Amino acid sequence: MAKSRRRVFISAAASDAPLVRELATRLHAAGVDSWDATSHALPGANVSADLGRALDDAEALIVLISPAAMKSRMVRHDIQFALGQERFKDRLIPVLVKQTPSDEIPWILRTLQWAKGGADREARAEAR
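Residue positions within a chain follow its written sequence, with the count starting from 1. It should be noted that, the model being predicted, local features are given only for residues of pLDDT at least 70 and side-chain atom pairs only at 80 or more, the latter also being counted only at that level, while totals for whole chains, interfaces and linings use all residues. Hydrogens and water are ignored here; the side-chain numbers use all heavy atoms of the structure.

A. Quick look at the packing of aromatic side chains. In summary, the pairing rule links any two rings of Phe, Tyr or Trp, Trp by its six-membered ring, whose centres are within 6.5 Å, and it sorts them by plane angle into stacked for under 30 degrees, edge-to-face for over 60 and tilted for everything else. On inspection of all chains with the given rule, the structure shows two aromatic pairs. Residues phenylalanine 9 and tryptophan 35 carry aromatic rings whose centres are separated by 5.4 Å and whose planes lie at 25 degrees to one another, so their mutual orientation is stacked. Taken together, the positions of phenylalanine 9 in strand 1 (residues 6-11) and tryptophan 35 in strand 2 (residues 32-35) put the pair 26 residues apart, joining distant regions of the chain. The burial state of phenylalanine 9 is the same as that of tryptophan 35; both residues are buried. For helices the rule is a DSSP run of H or I covering at least 4 residues; for strands it is a run of E covering at least 2, with both sets numbered from the N terminus onward. Relative accessibility decides the category of a residue: with a 1.4 Å probe and only protein chains considered, values under 20% of the type maximum give buried, values over 50% give exposed, and everything between is partly exposed.

What follows is the structure, encoded as structure tokens:
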């Protein structure tokens, strides 16, 4: 019997799509499937229904933190959804990909364990 792959939902601003693709590629190579609206939302598709199914199927939610993401209503909605779901307890993972003022980041995310990544020079330097 084939081993089941883990599934994660990636929440990010549309302008961070290159970073989403890079992360999705790395996750896939590590045996983790991912879903994100920037790659999977097709023209004419019912994006809300697809997004809902992807969130239902996800075992974790990764939020790419950038100034654009913190201004995105959709990213904030994804965060609120994850915070309201018991199954995402300890599975909401903020990843700093671009330097973002802390006052733009929801306070609850600042209390979680963070990962740092992405192509942004400042984010990489801060991780050192």
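B. Fine view of the sheet that holds strand 1. When DSSP finds two or more bridges between a pair of strands, those strands are recorded as paired. The five strands are arranged 2-1-3-4-5 in an open sheet whose pairing can be described as parallel. Strand pairing shows two members of the sheet lacking a second neighbour, strand 2 and strand 5 (115-116), which therefore form its edges. Sheet topology note: the strand 1/strand 2 ladder contains four bridges and is parallel. Within strand 2, the residue paired with arginine 6 across the bridge is valine 32.

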